[in-house]
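Structural description and commentary
Here are the chains, one letter per residue:
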Amino acid sequence: MAVTQTPQTAFWEGDSYFVLDQLLLPHRTTYIECRTPEDVEAAIINMNLRGAPLIGAAASAGVALYFRSPAAPPCSFDGEIAKLLATRPTAVNLRNVLEESKKIYSQNSTKSREELFKIFLDFSKRVHLRDAERNIRMGEIGADFVKKRIYKGEKLKILTHCNAGALATCGSGTALSVIRALNKQGLVGKVWVDETRPYLQGARLTAFEMLCEEIPHEIITDSTAGWLMHENEVDLIIIGADRVAANGDLANKIGSYSLSVLANFHKIPFISAMPLETFDLNIPDGRSIVIEKRSDSELLSFNGVRIAHTGCHGLHLGFDVVPAGLLFALVTENGVVSDGISAEKISRLFK
Ligand code: MRU
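Residues numbered from 1 in each chain as written. Predicted model: local features only at pLDDT ≥ 70, side-chain atom pairs only at ≥ 80, totals over all residues. Heavy atoms only, no water.

Glancing now at the side chain of threonine 206. Among the structural elements, threonine 206 can be located in helix α7 (residues 201-212). Other than its neighbours up to four places away in sequence, threonine 206 contacts Thr160, Cys162, Asn163, Leu176, Val193 and Gln201. (Helix = DSSP H or I, 4+ residues; strand = E, 2+ residues; numbered from the N terminus. Contact = heavy atoms within 4.5 Å.)

Turning our eyes to something else, we now look at the pairing of strand β10 (residues 270-273). For a regular strand, side chains alternate in direction, first toward one face of the sheet and then toward the other. Side chains Phe270 and Ser272 of β10 all project onto a buried face; the interleaved residues Ile271 and Ala273 project onto the opposite face, where all are buried too. Relative to β10, strand β7 (residues 236-239) runs parallel, the two sharing three bridges. By the bridge assignment for β10, isoleucine 239 is matched with serine 272. (Buried < 20%, exposed > 50% of the residue type's maximum accessible area, 1.4 Å probe, protein only. Pairing = 2+ DSSP bridges.)

Within the largest apolar cluster, 36 residues are counted, with the highest numbers of intra-cluster contacts made by Trp12, Tyr17, Val40, Leu49, Val63, Phe67 and Phe120. Secondary structure elements with two or more residues in this core: β1 (10-13), β2 (16-20), α1 (37-45), α2 (52-66), α3 (77-85), α4 (92-108) and α5 (113-149). (Core = buried A, V, L, I, M, F, W, Y, C linked by side-chain atoms within 4.5 Å.)

Two elements in contact, α1 and α3, have axes separated by 10 Å at closest approach and are oriented at 20 degrees. It follows from the interaxial angle that α1 and α3 lie roughly parallel. Judged by the sense of rotation from one axis to the other, the crossing of α1 with α3 is left-handed. Contacts from Pro37, Glu38, Val40 and Glu41 in α1 reach Glu80, Lys83 and Leu84 in α3. Across the contact of α1 with α3, the residue classes tally to three nonpolar, no polar and four charged. (Axes fitted to C-alpha atoms, helices over the stretch in contact; angles between N-to-C directions. Parallel < 35°, antiparallel > 145°, perpendicular 65-115°, else oblique. Left-handed = near helix turned anticlockwise from the far one by under 90°. Nonpolar A, V, L, I, M, F, W, Y, C, P; charged D, E, K, R; others polar.)

Okay, the sheet that holds β1 next. Read from one edge to the other, the open sheet built from three strands follows the order β1-β2-β3, with strand pairing classed as antiparallel. Strand pairing shows two members of the sheet lacking a second neighbour, β1 and β3 (31-34), which therefore form its edges. Taking each pair of neighbouring strands and ignoring which way they run, the sheet shows an average axis angle of 25 degrees. Relative to β3, β2 runs antiparallel, the two being bridged by four bridges. Residue pairing across strands places valine 19 opposite isoleucine 32, the latter belonging to β3.

Our focus in this paragraph is the site of the ligand. The environment of the ligand is made up of 18 residues, and the closest members are Arg50, Arg88, Gln201, Asn252 and Lys253. One nitrogen or oxygen atom from the main chain of alanine 52 is found 2.9 Å from an oxygen atom belonging to the ligand. Between the ligand and the protein, one listed contact pairs an oxygen atom with a side-chain N or O atom of lysine 253 at 2.7 Å. Bound to the protein, the ligand loses 100% of the 410 Å² it would expose on its own. Of all the secondary structure elements, the ones that give two or more residues to the shell around the ligand are α2 and β9 (250-253). Of the residues that constitute the shell around the ligand, the class distribution is eight nonpolar, six polar and four charged. Both domains that furnish three or more residues to the shell around the ligand are identified here as domain 1 (10-131) and domain 2 (137-348). (Near = heavy atom within 4 Å. Polar contact = N/O pair within 3.5 Å; in protein donor to acceptor, adjacent residues only side chain to side chain. Areas by Shrake-Rupley, 256 points an atom, 1.4 Å probe, with all protein chains shown as cover. Domains from an automatic or database assignment.)

Domain parsing of the protein yields domain 1 (10-131) and domain 2 (137-348). Computed over C-alpha atoms, the centres of domain 1 and domain 2 are 26 Å apart. Facing 25 residues of domain 1, the contacting portion of domain 2 comprises 30 residues. Roughly 2,300 Å² is buried in total at the junction of domain 1 and domain 2, and carbon and sulfur atoms are behind 51% of that figure. Remark: the boundary between domain 1 and domain 2 carries three salt bridges. The salt bridge involving glutamate 277 is made with arginine 130; its shortest N-O contact spans 3.4 Å. Broken down by secondary-structure element, the contributors of at least two residues to the side of domain 1 that touches domain 2 are α2, α4 and α5. Among the elements that make up the side of domain 1 that touches domain 2, the one with the highest residue count is α4 (five residues). For the side of domain 1 that touches domain 2, a count of residues per class yields 14 nonpolar, six polar and five charged. (Buried area = accessible area lost by both parts, 1.4 Å probe. Salt bridge = Lys/Arg side-chain N within 4 Å of Asp/Glu carboxyl O.)

Put into structure tokens, the structure is as follows:
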């Protein structure tokens, strides 16, 4: 029997936006009430909420909250957009939702703050709903693709990295939506969950989602993945993405690059699932993707306890880039690109 349901990541109640505090998962389900854009910014920066599509959705809430109080805040609308944009640099969903917000504002800038709050509240609710719908579509499309191209009659052993699930989105997830759809058809034997140092999104979040869904899974250290591939224990790798360049190079949680190289060495299909919102067609390839560098204190301490000597320093990169040439397929809500990822094939997804 399922232990519980994966909690909803964020929702509006009246004129407050509530964000699930993912830093406390899986042991506590606590929501943070956001009443100002600064509350949303802090939740994104501090990783209370995370995951590319969810960061984008939260940004829409930040914009709405800018108009919440009748008195104009000291910072201009453009200044507020800039502050939200600066919270995290890699996930392009953030920028894409803020660009949409700017367009809406330019069409309504003469309206009262009260009217603007309503317009942006509606927009924010739409952003959350459409993300959930996209998740379902990409899950079904991805599962069909895997069934046709990878499944050979034996239940699949799937490896995933970080958390590209319900907790990274407003619905059922990207990569984990595909896994959920495959599991519904009885095709999943086991999910290997990379623990994902240092925030442990795999161990704390993905494994929790698998438990809630009763999907067989085991948590592994990130460095176990290669050996499992060598031992024929992995049939398929599915991850999410934070930004996909026009040629298909994509940024995802640090460690994704190593997995893609290992997968290709072992001839294991490596798939990434994401909504079209995660594409950045303005950049030709992955070299232009800004990789988030976070404080080394997050790496050198664990649960507030220092692991390394106080004199030691560390390098904490949040993401790396998987080259398009190492991808077996990209799964989106508009279809799949496979058999050689190219800018031309990707551009067809947008028609
Ligand atoms: O640093 P995080 O936890 O925001 O990183 C999240 C990831 O890398 C996910 O894999 C990615 O956002 C895809 S989410 C559907």
